[in-house]
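A closer look at the structure
Letter by letter, the chains look like this.
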Amino acid sequence: MVTVRVPAKVNVQLGVGGVRPDGYHDLANVFFAVALGDQVTATPGAGVTLSCDGPDAAAVPLDEDNLAARAARLLAAHHGLADPGVHLHIDKAIPVAGGMAGGSADGAAALLACDALWGLDTPFDTLLELAAELGSDVPFALLGGVALGRGRGELLEPLPVSGTFHWVFAVADGGLSTPAVFRECDRLREESGRGSSLADVPTPDADPALLAALAEGDPVALAAALGNDLQAAAVSLRPALADTLHAGTEAGALAALVSGSGPTCAFLAKDADSAAHLAAALRTSGTCRTAHATHGPVPGAQVVSAPRP
């Protein structure tokens with residue numbers, strides 16, 4: 001049995017370029033790994049099978065499209081294993097379809113867990129390449145910490161960061177489709193007269209003020225620099241998110257933003273006590289299903305238990 005713990009992420013900056021001919025967008029995506037996370041346990045089995053526990057377990061697909069199952073099959077194919085055998089159990093804490101890369105995190109954890117279970121010793125750079133084949137957010141779940149993602153988000157550059165930042169995540173009922181949020185972003189840009197093509201939207205880049213705030217460990221400066229180009233689209237599709245963002249700000253958050261493509265909302269707090277107070281206020285606000293206080297940055301996917309040699 002091999003168990004891997006893997007973090008959720010928040011995008012402290014998500015700059016979205018114009019839509020490319022292939023339908024994707026170039027991103028300047030500053031990923032930040034937080035302690036809220038899932039665990040994936042791999043045990044020997046017949047074929048590739050899945051199970052899941054946790055508050056949102058009913059919303060997790062347990063078929064061949066699950067990223068954890070796809071990760072196991074991809075790793076096996078890379079090594080020429082004709083008949084991979086593994087059962088993957090997901091202990092789910094990251095909100096499903098919540099803009100925190102929960103599915104991507106499970107894919108990354110499955111890569112690492114299967115690699116250890118099968119004794120493959122795959123180089124980390126190769127695992128990152130395989131992760132990028134699975135999805136844009138999967139490589140960061142392996143890497144963790146704080147990193148700038150370019151391209152579709154899969155080309156990662158680790159960033160310097162000092163200290164610990166404290167966060168609260170307000171979980172909404174139901175999820176939002178990431179492709180639908182990107183389409184709405186394009187629609188809103190067209191509707192505004194700005195345009196949504198590569199010619200209309202400058203290629204995004206990381207905000208120097210945000211990078212400085214991370215490097216200096218300054219939560220107030222980071223709060224002033226947070227940004228998400230998908231936020232307007234997420235709120236357009238789910239107007240109730242505006243109430244959640246307002247509730248968190250009123251309860252003392254330094255800053256509020258939609259996490260990734262939403263609908264989870266992220267709030268930066270001054271310290272651990274402020275985060276605990278903010279989470280309690282959000283839980284009683286009537287604007288979200290629940291709220292979690294956590295911190296970061298934390299490492300990427302890590303084996304936390306494995307068979308002794």
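All of the points below concern the structure found in this document. All residue numbers here refer to positions counted from 1 along the written sequence of the relevant chain. Per-residue local features are limited, in this predicted model, to residues with pLDDT of at least 70; the limit for side-chain atom pairs, both in listing and counting, is 80 or more; totals at the level of whole chains, interfaces and linings are taken over all residues. Excluding hydrogens and water, the side-chain values take into account all heavy atoms of the structure.

Side note on the overall build of the protein chain
Our working rule: Secondary structure elements follow DSSP: runs of H or I of four or more residues count as helices, runs of E of two or more count as strands, with numbering from the N terminus. Each radius of gyration is computed over the set of C-alpha atoms, and the globule rule expresses the reference value as 2.2 Å times the number of residues to the power 0.38. Here's how the labels work: a residue is buried when its accessible area is under 20% of the maximum for its type, exposed when over 50%, partly exposed in between, all with a 1.4 Å probe on protein chains only. In what follows, residue pairs with any heavy atoms lying within 4.5 Å of each other are defined as contacts. Using the Shrake-Rupley algorithm and a 1.4 Å probe, accessible areas are obtained, with residue cover drawn only from the displayed protein chains. For the purpose of counting charges, residues Lys and Arg are taken to be positive, whereas Asp and Glu are taken to be negative. His and the chain ends are not included. Where a charge lies is defined by one atom per residue type: Lys uses NZ, Arg uses CZ, Asp uses CG and Glu uses CD.
The helix and strand inventory of the protein chain stands at 10 helices and 12 strands. Scaling as 2.2 N^0.38, a compact globule of 309 residues should have a C-alpha radius of gyration of about 19 Å, and the protein chain matches this with 19 Å. Per-residue burial over the protein chain gives 52% buried out of 309 residues. Restricting the contact set of the protein chain to residue pairs at least 6 apart, pairs at least 24 apart contribute 76%. Of the roughly 12,600 Å² that the protein chain leaves accessible, carbon and sulfur atoms contribute 53%. Placing the 17 positive and 34 negative side-chain charges of the protein chain at their respective mean positions leaves the two points 3 Å apart.

A word on the layout of surface pockets
To find leftover empty space, one rolls a probe the size of a water molecule over the atoms. Defined as follows: Cavities and pockets were defined on a 1 Å grid built from protein atoms only: a cavity is a group of points that admits a 1.4 Å probe but offers it no way out, a pocket is an open group of points flanked by protein on both sides within 12 Å along at least five of seven lines, and a lining residue is one with an atom within 4 Å of any such point. Grid points are joined across faces, edges and corners, and a volume is the space filled by probe spheres set on the points. Amino acids outside the nonpolar list (Ala, Val, Leu, Ile, Met, Phe, Trp, Tyr, Cys, Pro) and the charged list (Asp, Glu, Lys, Arg) are all regarded as polar, and Gly is one of them.
Taken as a whole, the largest pocket spans an internal volume of roughly 1,100 Å³. Lining the largest pocket are 42 residues, with Ser 104, Asp 137, Thr 178, Pro 179 and Ser 261 sitting closest to its centre. Within the residue set of the lining of the largest pocket, elements represented by two or more residues are strand E1 (2-19), strand E2 (25-43), helix H1 (67-78), helix H2 (102-117) and helix H5 (178-192). Broken down by element, the lining of the largest pocket gets its largest block of residues, 5 residues, from H5. Residues belonging to the lining of the largest pocket are distributed by class as follows: 17 nonpolar, 16 polar and 9 charged.

So, the pattern of salt bridges
Rules: Take a side-chain nitrogen of Lys or Arg and a carboxyl oxygen of Asp or Glu: if they are within 4 Å of each other, that pair is a salt bridge.
Per the counting criterion, the structure on display carries 10 salt bridges. The salt bridge involving Arg 150 is made with Asp 205; its shortest N-O contact spans 3.0 Å. Residue Arg 150 is found in strand E5 (residues 146-150), and its partner Asp 205 is found in the loop between H5 and helix H6 (208-216); the two are separated by 55 residues along the sequence. Given the relative accessible area of 32%, Arg 150 is considered partly exposed. On the basis of relative accessible area, Asp 205 is assigned to the partly exposed category, the value being 48%. One continuous salt-bridge network, built from bridges that share partners, spans Arg 20, Asp 22 and Asp 26.

Regarding the pairing of strand E9 (residues 255-258)
Formally: In this scheme, strands are said to pair when DSSP sees at least two bridges between them.
As judged from the 4 bridges shared by E9 and strand E10 (residues 265-269), these two strands associate in the antiparallel manner. Across the sheet, Val 258 pairs through a bridge with Cys 265, a residue of E10. In textbook terms, the turn of a hairpin is the stretch between consecutive antiparallel strands, and for E9 and E10 this stretch comprises 6 residues, one of which, Gly 260, has a positive phi near 60 degrees.

Observations regarding helix H9 (residues 241-250)
Which entries qualify depends on this criterion: This arc is built from the directions going out from the helix axis to the C-beta atoms.
Every buried residue of H9 is listed here: Leu 241, Thr 244, Leu 245, Ala 247 and Gly 248. Viewed along the axis of H9, the buried residues span an arc of 160 degrees, placing them on a single side of the element. Elements that come into contact with the buried residues of H9 comprise strand E7 (165-171), helix H8 (231-237), E9, E10 and helix H10 (272-283). After H9 finishes, the residue Gly 252 shows a positive phi value of roughly 110 degrees.

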